[in-house]
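# Understanding the architecture of this molecule
The lines below spell out each chain.
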Amino acid sequence: MNDSTTATPARVARQPGAIRDLVLYFLRLGALGFGGPVALVGQMERELVDGKKWLGKAEMRDAIAVCQSLPGPLAIQVGIFISYLRGGFWGAWAGGWAFILPNFLIVTAFAAAYVEFGSLSWMNAVFYGVCPAVIALILHSCWRLARLGMEDWLQWALAAAAFAITLAFQTEVAVVFIGAGSVGVLYYGTLFRKAGPTAALAISAGAAPSAASVPMAGGASLPKLLLFFLKAGSLTFGSGLVIVPFLEKGLVQESGWLDGRQFLVAVAIGMLSPGPVVITATFVGYLVAGFSGAAVSTVGIFLPSFMLVLIVAPILIRHRRNPNVQGFVRGAYAAAIGTILGASILLGKIAIGDWLTAAVGLASLGALFGTKKVSNPMLMAATAVIGLLAFPLLQPDWVLVK
């Protein structure tokens, strides 16, 4: 498939074995995909655009830009979007939940071990080595995504503005994506040529406001868990790390369901496990209400992503050749690149604190740019071993879990 042709969902859905292929691919990605949302999206771009040829570069660019402009975890939404293009409505549900299932099982097992043994202190050593490699993965994926969709001076200007705003506010700002998309409509579109209402307006209108406090009170019942995580999945923009302050306020400060240490462990598990960071919800649910709580919390955090993508994807596909839609996508995509780069700088200040972590980060970048033989799981395993060996010897002032 090339960039100039786009298979319709109906045609793609009739391909023999499409849903089976989606399930097998996303089960593998969910079990072995490390590095957070940007790294996962970069891996999908590398394997599905360059490798399997399931979609073209323009379709991948559309998926990233639109999903970045919606609330919810980016990697899961891009996976659902791609599954929709490949396998239609039921393909989206099958591929999306296949992506989530391995993370759910792994994190549930971690939660059960934590409840049984009460400590995961070895994670300090693991994260000491792994975190710099995660920053390298983000930077490498950002470079690949920039090559995929950055085309002219305006996109680079929008990316620079998003980068500066991310650093200034120390977080991802939802309105940046909508604003950049609107600039794209004005510059690339036909609004000044008396064009009528476009699907770009429908896309921007579909985006929810940025995260706000969701107070919870009372006991940790399953309906309350479900409601909280449904709101979290519906109201929080950007990558999985953006949801962390929102969850901390609701789970620790307002409801008291977890204490600060338990919440920190939950976030650490979300970062250590493959797949999206928001799988933290599974760990939280298990601590609060056992296996049923884990299942309910997982459904709650991810269900809004399915609904939003399945509403927006048909609109985009139907109108993707409209210049106003293309303008919105190009502007929002540029903002995503700038925001990702800004987030990598902020996270790098946490992950890289001494000569060894700096060396691990640089070596990881060299390995990723220098050879195609280094996979994400291999990199994570190697740097975890470095952390486990070096942490007891160096005894750095780097504590995640006490």
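Below you will find a few notes about this structure. Note that residues are indexed from 1 along each chain, following the sequence as it is written. With the structure being a predicted model, the display of local features is reserved for residues of pLDDT at least 70 and the display and counting of side-chain atom pairs for 80 or more, all residues being used for whole-chain, interface and lining totals. Side-chain measures here rest on the full set of heavy atoms in the structure, leaving out hydrogens and waters.

By the criteria applied, helices consist of DSSP H or I runs no shorter than four residues and strands consist of E runs no shorter than two, each listed in order from the N terminus. Each helix and strand counted, the protein chain has 16 helices and 0 strands in total. The cut-offs for exposure are 20% and 50% of the maximum accessible area for each residue type, with area from a 1.4 Å probe on protein chains only; residues under the lower value are buried, those over the upper are exposed, and the others partly exposed. Considering the protein chain as a whole, with its 402 residues, one finds that 57% of them fall into the buried category. The contact definition used throughout considers only heavy atoms, calling two residues in contact when any of these lie within 4.5 Å. Looking at the protein chain alone, contacts between residues at least 24 apart form 79% of all its contacts between residues at least 6 apart. When the accessible surface of the protein chain is totalled, it reaches about 16,200 Å², and 67% of it is carbon and sulfur. Per-residue and other accessible areas were derived by the Shrake-Rupley procedure at a 1.4 Å probe size, with only the shown protein chains allowed to occlude residues.

With that settled, the discussion passes to the packing of aromatic side chains. Whether two aromatic rings pair depends on their centres lying within 6.5 Å, for rings of Phe, Tyr and Trp, where Trp uses its six-membered ring; planes under 30 degrees apart make the pair stacked, over 60 edge-to-face, and the rest tilted. Counted under the stated rule, the structure contains 14 aromatic pairs. Measuring from ring centre to ring centre gives 5.0 Å for Phe-89 and Trp-90, while their planes differ by 85 degrees; the resulting arrangement is edge-to-face. Note on Trp-93 and Phe-306: the rings are 4.8 Å apart at their centroids and 10 degrees apart in plane angle, and the pair reads as stacked. On the criterion of sequence distance, the pair formed by Trp-93 in helix α5 (residues 74-117) and Phe-306 in helix α13 (residues 280-319) is long-range, its members being 213 residues apart. On the basis of relative accessible area, Phe-306 is assigned to the buried category, the value being 0%.

On to the environment of Ala-94. For Ala-94, the position within the fold is in helix α5. The spacing of Ala-94 and Ile-80 is 14 residues in sequence and 8.7 Å in space, taken between C-alpha atoms. In this structure, Ala-94 is in contact with Ile-19 and Val-23, ignoring residues within four places of it in sequence.

Here we come to a nonpolar patch on the surface. Patch membership requires over 30% relative accessible area and the absence of a salt bridge. Like charges are linked within 9 Å, and nonpolar side chains (Val, Leu, Ile, Met, Phe, Trp, Tyr) within 5 Å. The rule for a salt bridge is simple: a side-chain nitrogen of Lys or Arg has to be within 4 Å of a carboxyl oxygen of Asp or Glu. A cluster of nonpolar side chains, Ile-19, Phe-89 and Trp-90, forms an exposed patch at the surface whose accessible area comes to about 350 Å². If you trace the backbone, Ile-19 turns up in helix α2 (residues 18-32). Residue Ile-19 is classed as partly exposed on the basis of its relative accessible area of 35%.

As a rule of thumb, non-glycine residues mostly have phi less than zero, and peptide bonds are mostly trans rather than cis. Despite not being glycine, Lys-53 has its phi angle at roughly 60 degrees, a positive value. The residue Lys-53 is located in the loop between α3 (36-51) and α4 (57-68) in this model. Although it is not a glycine, Gln-395 adopts a positive phi angle of roughly 45 degrees. Its location among the elements puts Gln-395 in the segment after α16 (376-394).

On to α4, then. The span one expects for a helix is its residue count, reduced by one, times 1.5 Å. Helix length check: α4 (12 residues) gives 16 Å between terminal C-alpha atoms against 16 Å at 1.5 Å per residue, within 8%. The buried fraction of α4 amounts to 11 of the 12 residues, a majority that puts the element mostly inside the structure.

As a further point, take the nonpolar core. Grouped together as the largest cluster of nonpolar side chains are 114 residues, with contacts concentrated most on Val-41, Met-44, Met-60, Val-78, Leu-145 and Phe-229. By residue number, the principal contributor to this core is α5, which donates 18 residues. Every residue in contact with Met-44, bar those within four places of it in the chain, is listed here: Tyr-25, Phe-26, Leu-29, Val-49, Met-60, Ala-75, Val-78, Gly-79, Ile-82 and Phe-99. Definition used in this section: a nonpolar core is a set of buried Ala, Val, Leu, Ile, Met, Phe, Trp, Tyr and Cys residues joined via side-chain atoms within 4.5 Å. Listed in part, the 6 residues of the second largest apolar core include Ala-125, Tyr-128, Leu-356 and Ala-390.

So, about helix α7 (residues 153-169). The end-to-end C-alpha distance of α7 is 24 Å, a good match for the 24 Å that 17 residues give at a rise of 1.5 Å each. Burial in α7 covers these residues: Leu-154, Gln-155, Leu-158, Ala-159, Ala-162 and Thr-166. End-on view of α7: buried residues confined to an arc of 135 degrees, all on one side of the axis. Across α7 from its buried face, at more than 90 degrees, point the exposed residues Trp-153 and Ala-168. Along the arc lie the directions from the helix axis toward the C-beta atoms.

With that settled, the discussion passes to the side chain of Arg-330. Along the polypeptide, Arg-330 turns up in helix α14 (residues 323-351). Reaching out from Arg-330, the side chain makes a polar contact with the side chain of Glu-151 at a distance of 3.0 Å. With residues up to four places along the chain from it excluded, the contact list for Arg-330 reads Glu-151, Asp-152, Gln-155 and Tyr-188. Nitrogen and oxygen atoms within 3.5 Å of one another constitute a polar contact, given that in protein one can donate a hydrogen and the other can accept it, and given that sequence-neighbouring residues count only through two side-chain atoms.

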